[in-house]
Amino acid sequence: MSYENRWKEEFEYDERFINRYRKLLGMLDGVSFSSVLDLGCGVQYLKRLIPDEVYYTGVDLYKHKEDTLVCDFNKKEFVYELDAYDLTISAGVLEYIYEIPGFIHNISCVTADFYLCSYHFREFTKYKPDIWTDTILSFREFVEIAEKENFVLVKAVTKANDREDNRATLMLFEKR
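Everything numeric here is computed off the predicted structure, so don't read it as measured data.

A. Region of the structure containing the environment of V143. With respect to the helices, strands and loops of the structure, V143 is situated in helix 4 (residues 139-148). A sequence separation of 30 residues divides V143 from F173, and the C-alpha atoms of the two residues are 9.4 Å apart.

In C-alpha cells, the structure reads:
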C-alpha cells in the first residue's frame, strides 16, 4: 500500500503540545512507571515532564533530537528496543496513521501496563485538516480495536481544541 506522508518535518511545536502531555500524564492519577515509549515524540516535550530516572525512548518520523529513534509507522516500521514499556504514549499521532489496527497491535506488543493516547473521533470532529488521513474512526471503533489487543479503557476525556468544532479525546488504557 502506498501512502502520502502528511506530517511536515519543519513543524512549529508550541505550548499546546506540552499541555496535552500534562493532561495525559494527569490521567495516571499518581501511577508510577519506570519506562516510557513516546511515539510521535516531536521535540520530546514528554521527556521534560517525567522524572530523570524513568527510561525514555522517543520515536518520530523525523530526528528532532539526537536521541530520537526514527520510524515511519505507515511503512509498518516500529521500535522494539525493550521487551516491554510500563507506559506507551501516542499524543497527536493517530490522525496520521493509515492502518490504526496494525499500529495498536504493535503498541500492544511493547506495552506492559498502560497506553495513553489522544485522538479526534468522527463524532467530535466537524473539520478535518488536510494533513490527517482520510479515515477517521468513531470512539466505539477505536475502543473495539484496542480491546482486541488486550487493552481495557480506564478513562476517556473529550476536550475542546483551538477550534470549537474539533474535540480531541484523551484516553487511558490498561493492559489486561
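B. Structural context of the environment of L69. By the secondary structure assignment, L69 is in strand 3 (residues 69-70). For L69, a relative accessible area of 29% puts it in the partly exposed group. Sequence-wise, L69 and C41 are 28 residues apart; in three dimensions their C-alpha atoms are separated by 9.5 Å. Contacts of L69, omitting those with residues within four sequence positions, involve T57, G58, V59, D60, V79 and E81.

C. Fine view of the packing of aromatic side chains. Tallied over the entire structure, the rule returns 12 aromatic pairs. Relative to F173, the ring of Y115 lies with its centre 6.1 Å away and its plane at 25°, an arrangement referred to as stacked. One end of the pair, Y115, is in strand 5 (residues 111-119); the other, F173, is in strand 7 (residues 167-175), with 58 residues separating them in the sequence. Chaining the aromatic ring pairs together yields one cluster made of Y115, Y119, F121, F139, F142, F151 and F173.

D. Quick look at the packing of helix 3 (residues 100-110) against helix 4. It is at 9 Å that the axes of helix 3 and helix 4 come closest, and there the two elements cross at 40°. Considering their axes alone, helix 3 and helix 4 lie oblique with respect to each other. Two packed elements cross with a definite hand, and for helix 3 against helix 4 that hand is right-handed. Facing I100, P101 and I104 of helix 3, the residues of helix 4 in contact are F142, I145 and A146. When grouped by side-chain class, the residues that make up the contact of helix 3 with helix 4 number 6 nonpolar, no polar and no charged.

E. Local environment of the pattern of salt bridges. Scanning the entire structure with this criterion turns up 6 salt bridges. Residue D67 pairs with K47 through a salt bridge whose shortest N-O separation is 2.6 Å. Residue D67 is found in the loop between strand 2 (55-60) and strand 3, and its partner K47 is found in helix 2 (residues 45-49); the two are separated by 20 residues along the sequence. Note that K128 is salt-bridged to D134, the shortest N-O span being 3.7 Å.

F. Representation of helix 1 (residues 15-26). Here helix 1 spans 17 Å end to end across 12 residues, near enough to the 16 Å set by a 1.5 Å rise per residue. Among all positions of helix 1, only F17, I18, R20, Y21, L24 and L25 are buried. Buried residues of helix 1 fall within an arc of 155° about the axis and therefore sit on the same side. Buried positions along helix 1 lie against strand 1 (35-39), helix 2, strand 4 (85-90), strand 5 and strand 7.

G. Fine view of the nonpolar core. Residues F73, F103, I104 and F142 are the most contacted members of the largest nonpolar core, which totals 30 residues. Contributions of two or more residues to this core are made by strand 1, helix 3, strand 5, helix 4 and strand 7. Broken down by element, the residue count for this core peaks at 5 residues, all from helix 3. The contact partners of F73, leaving out residues within four places of it in the chain, are L39, G40, V59, F78, V93, I97 and F103. Counting residues in each nonpolar core, the second largest holds 23 residues, with I18, Y21, L28 and Y45 among its members.

H. Spatial organisation of the pairing of strand 1. Counting buried residues along strand 1, 5 of its 5 residues qualify, which places the element largely inside the surrounding structure. Neither face of strand 1 is open: one carries S35, L37 and L39, the other V36 and D38, and all of them are buried. Here 5 bridges tie strand 1 to strand 2, and the two strands are oriented parallel to one another. Bridging from a neighbouring strand, S35 pairs with Y55 of strand 2. Summarising the sheet, strand 1 and strand 4 pair through 4 bridges and their orientation is parallel. Within strand 4, the position partnered with L37 by the bridge is T88.

Parameters at a glance
- Residues numbered from 1 in each chain as written.
- Predicted model: local features only at pLDDT ≥ 70, side-chain atom pairs only at ≥ 80, totals over all residues.
- Heavy atoms only, no water.
- Helix = DSSP H or I, 4+ residues; strand = E, 2+ residues; numbered from the N terminus.
- Buried < 20%, exposed > 50% of the residue type's maximum accessible area, 1.4 Å probe, protein only.
- Contact = heavy atoms within 4.5 Å.
- Phe/Tyr/Trp six-rings, centres within 6.5 Å; stacked < 30°, edge-to-face > 60°.
- Axes fitted to C-alpha atoms, helices over the stretch in contact; angles between N-to-C directions.
- Parallel < 35°, antiparallel > 145°, perpendicular 65-115°, else oblique.
- Left-handed = near helix turned anticlockwise from the far one by under 90°.
- Nonpolar A, V, L, I, M, F, W, Y, C, P; charged D, E, K, R; others polar.
- Salt bridge = Lys/Arg side-chain N within 4 Å of Asp/Glu carboxyl O.
- Expected span 1.5 Å × (residues − 1).
- Arc of directions from axis to C-beta.
- Core = buried A, V, L, I, M, F, W, Y, C linked by side-chain atoms within 4.5 Å.
- Pairing = 2+ DSSP bridges.

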